[in-house]
Amino acid sequence: MSMPVIPVPAGLDTELFSLGNGALNYLPEVLAKSFPGSPAFLVADGNTWRVAGEKAEKLLLAAGAVIAGKYIFPGTPRLHPDYEYCEMLAEKLPAGCVPVAIGSGVINDLTKCAASLKNLRYCCVPTACSVDGFTAAGAALVVNGTKKTVKCPAPKALCADVDILATAPPEMFASGFADLLTKVPAGADWVIADAVGEEPIRRDVWELIQGNIRKWISDKDDMLAVFDGLAATGYSMQMYQESRPASGAEHLFSHVWEMEGLTRDGEDVSHGFKVGVGLLASTLLMEYILEHSFEELQPLMKPGLNEAGRSAEIDELLKKGCYGSAPKITAMGKHLSGEALAKRRELIGRIWPEMQKGIRERLMPYHEAKALLKSAGCPTEPAEIGLSTEQFLHGIKTAQLIRHRYTILDLLYELGLLDIAMTEKLAVMYR
Ligand SMILES: [Zn+2]
């Protein structure tokens, strides 16, 4: 039998992807091919070590590979993606080694960043279909209290054993499905950013995701299709060098809730479950745009705030103090007032019907998306992921502050309609 390999688009950081039943058996070959002569350094947590790490170590030793060391994080409580762990891990990586991340989520992000701190390329051995980050450039980490994407190269090689992916707990697969479904409203967010001239759509990147998303999500039980979609999402981020193709307002909500330390029954909530609830909120806000003409909304638009007014409004939203210093700077940096705001509103009015059309083509209606998430075993209401109504709504408004990325939140805020749209649309999620 030869190594099962799936094609990777050309020109990316990722060069080799072995995917299939029993693919772990080919890990020694993957490493020899992509990192000739480099000793392996294995990184796992207690759980991923049990399901794949032990076997990986045995296989490597049996194949005569050199293992330079290993680091196993505790399996419980759930590991946090703190930047300090990357620095700690980087210290342990010997020069010239190849770090091997055994895990798909936090372990992968920590290893990815640690490797890049030491100028090393790494190999990822995913253990669950739970997130799209395993093929992405950049790691989602908490740096000085702010959740952000730290730039670092994607894995040079991956080795994903379908037999191992299939043994992951079902809620991890559900979480991955929800993360994949976010690409639907994230696409609509890009349509909005393109329409207002903030961020033009790049066609090749767009096609890779938006051209295939309906196929990937068409069967919620098809693990290979979902995994394929999540992998492609990572590639799209490598191509674009940014997470825009894979992430819109729904991801921003989840970043805010994460910075607030969201837990349910004392446990962290998975990434997919947060963005799953988030995507429903963002879908509803987009439906507000679809349901009204610009002229109809004009009388409802609040006048914009001046610099001082906006500054005070932001301070009020950030008063919990758990978001680091970056959001205030980001939010003030993109604030429009006076003439600039008037121009923006005038532009939005002109492109309104065209933008509505673009959003409508992308968006899956709220009821459909909710039913799909439910059928896949994902939560659909804020309370199910430990959010009070107040924290849910506060997160929606605060999410607009934390990134430069233009989304439905910026569109509604700039029009002075964010509050009214939230009141009119979001109550169905918590009534
Ligand atoms: Zn995601």
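Conventions adopted
Sequence order sets the numbering: in each chain, residues are counted from 1 along the sequence as written. For a predicted model such as this one, the threshold for reporting local features is a pLDDT of at least 70, and the threshold for listing and counting side-chain atom pairs is 80 or more; totals across whole chains, interfaces and linings nevertheless cover every residue. Runs of E in the DSSP output that reach at least two residues are strands. Runs of H or I that reach at least four are helices, and both are numbered from the N terminus. Neighbour density around each residue's C-beta defines its exposure: 20 or more other C-beta atoms within 10 Å make it buried, 12 or fewer make it exposed, and counts between make it partly exposed, where C-beta atoms are placed from the backbone. Contact definition: two residues whose C-beta atoms, as placed from backbone geometry, lie within 7 Å. Boundaries of every domain are those given by an automatic assignment or by a domain database. Charged means Asp, Glu, Lys or Arg here, nonpolar means Ala, Val, Leu, Ile, Met, Phe, Trp, Tyr, Cys or Pro, and polar covers whatever is left, Gly included. One bridge is not enough; two strands pair if DSSP finds at least two bridges between them. Nonpolar cores are built from buried Ala, Val, Leu, Ile, Met, Phe, Trp, Tyr and Cys residues. These are joined into a set through C-beta atoms within 7 Å. Where helices are involved, their axes are fitted lines through C-alpha atoms of the stretch in contact, as for all axes, and angles between N-to-C directions lie from 0 to 180°. Between the first and last residue of a helix there are one fewer steps than residues, each counted as 1.5 Å, and that sum is the expected span. Fitting one axis to the seven residues ending at a residue and another to the seven starting there, the bend at that residue is the angle between the two axes.

*Asks:* What's the story with the overall build of the chain in this structure? I'm lost.
*Replies:* Tallying secondary structure elements over the chain gives 20 helices and ten strands in all. Per-residue burial for the chain yields a buried fraction of 49% across its 431 residues. Long-range pairs, those at least 24 residues apart, make up 80% of the contacts in the chain with a sequence separation of at least 6.

*Asks:* Where do I start with the domain arrangement of the chain in this structure?
*Replies:* How large an interface is tends to be reported as the accessible area lost when its parts come together. Domain boundaries in the chain define domain 1 (16-168) and domain 2 (172-429). Placing the centre of domain 1 and that of domain 2 at their C-alpha centroids yields a distance of 30 Å. In this complex, domain 1 contributes 22 residues to the contact, which on the side of domain 2 involves 31 residues. With three residues, strand β7 (residues 146-150) is the largest single contributor of residues to the side of domain 1 that touches domain 2. Of the residues in the side of domain 1 that touches domain 2, the class split is ten nonpolar, nine polar and three charged.

*Asks:* Can you walk me through the pairing of strand β8 (residues 157-161) in this structure?
*Replies:* Within a regular strand, the side chains alternate between the two sheet faces. In terms of burial, β8 is a largely internal element, five of the five residues being buried. Judged by which residues are buried, β8 turns out to be covered on both faces: Ala157, Cys159 and Asp161 on one side and Leu158 and Ala160 on the other are all buried. Of the pairings in the sheet, the one linking strand β1 (residues 16-20) to β8 comprises five bridges and is parallel in character. Bridge pairing in β8 links Gly20 to Asp161. Of the pairings in the sheet, the one linking strand β5 (residues 123-125) to β8 comprises two bridges and is parallel in character. Within β8, the residue paired with Cys123 across the bridge is Ala157.

*Asks:* I'm lost on the nonpolar core in this one. Help?
*Replies:* Soluble, globular proteins show a tendency: their nonpolar side chains are buried together. Core analysis: the largest hydrophobic core is formed by 130 residues, its most contacted members being Val100, Ile102, Cys123 and Cys159. Considering every element that reaches this core, the biggest residue donor is helix α12 (residues 271-291), with ten residues. Once residues lying within four places of it in the same chain are set aside, the contact partners of Cys123 are Val30, Leu31, Ser34, Val98, Val100, Pro155, Lys156, Ala157, Leu158 and Cys159.

*Asks:* Which parts of the structure should I look at to understand the environment of Val51?
*Replies:* Examined against the element boundaries, Val51 turns out to sit in helix α2 (residues 46-62). By the C-beta count within 10 Å, which is 18 here, Val51 ends up partly exposed. Taking C-alpha positions, Val51 is 9.6 Å from Leu165, a pair spaced 114 residues apart along the chain. When near neighbours in sequence (up to four residues on either side) are disregarded, Val51 contacts Thr127, Ile164 and Thr167.

*Asks:* What should I look at first to understand the sheet that holds strand β3 (residues 67-73) in this one?
*Replies:* Remark on secondary structure: sheet strands pair via backbone hydrogen bonds, oriented parallel or antiparallel. Spatial ordering of the open sheet is given by β1-β8-β5-β4-β2-β3, a layout of six strands whose pairing is parallel. A single partner strand is all that each edge strand has here, and the edge strands are β1 and β3. Within this sheet the neighbouring strands show an average axis-to-axis angle of 15°, counted without direction.

*Asks:* What is the right way to read the environment of Leu181 from this model?
*Replies:* Tracing the sequence through the fold places Leu181 in helix α6 (residues 170-181). Judged by local crowding, Leu181 falls into the buried class, with 28 C-beta atoms found within 10 Å. Once the C-alpha coordinates of Leu181 and Asn21 are considered, the two residues, 160 residues apart in sequence, prove to be 25 Å apart. Apart from the residues lying within four places of it in its own chain, the contact partners of Leu181 are Ile217, Gly276, Leu279, Ala369, Leu372 and Leu373.

*Asks:* Any chance you could explain unusual backbone geometry here in plain terms?
*Replies:* Here the bond from Thr76 into Pro77 is cis, since omega is -10°, no more than 30 degrees from zero. With respect to the helices, strands and loops of the structure, Pro77 is situated in the loop between β3 and α3 (83-92). For Asn119, which is not glycine, the phi torsion reads 55° and is therefore positive. Position of Asn119 among the secondary structure elements: in the loop between α4 (106-117) and β5. Classification of Asn119 as exposed rests on a count of 8 C-beta atoms within 10 Å. Of note in this structure, Asn144 is not a glycine but carries a positive phi near 45°. Mapping Asn144 onto the fold places it in the loop between β6 (139-143) and β7.

*Asks:* What's the story with the environment of Glu368 in this structure? I'm lost.
*Replies:* Inspection of the secondary structure assignment puts Glu368 in helix α17 (residues 366-375). Once the C-alpha coordinates of Glu368 and Pro81 are considered, the two residues, 287 residues apart in sequence, prove to be 33 Å apart.

*Asks:* I'm lost on the pairing of strand β4 (residues 98-102) in this one. Help?
*Replies:* For β4, the tally of buried residues reaches five of five residues, placing the bulk of the element in the interior. Side-chain alternation along β4 places Val98, Val100 and Ile102 on one buried face and Pro99 and Ala101 on a second face that is also buried. Where strand β2 (residues 40-45) and β4 come together, four bridges link them in parallel fashion. Counted as the bridge partner of Leu42 is Val100 from β4. Where β4 meets β5, three bridges bridge the pair, whose relative direction is parallel.

*Asks:* Is there a simple way to think about α2 in this case?
*Replies:* Three- or four-residue spacings in an α-helix give side chains the same orientation, since the helix completes a turn every 3.6 residues. Taking 1.5 Å of rise per residue, 17 residues should cover 24 Å, and α2 covers 22 Å from first to last C-alpha, within 8% of that figure. At Ala52, α2 is bent by approximately 50°, the largest bend along its length. Here α2 has its buried residues at Asn47, Thr48, Trp49, Ala52, Gly53, Ala56 and Glu57. Phi turns positive one or two residues past the end of α2, at Gly64, with a value near 80°.

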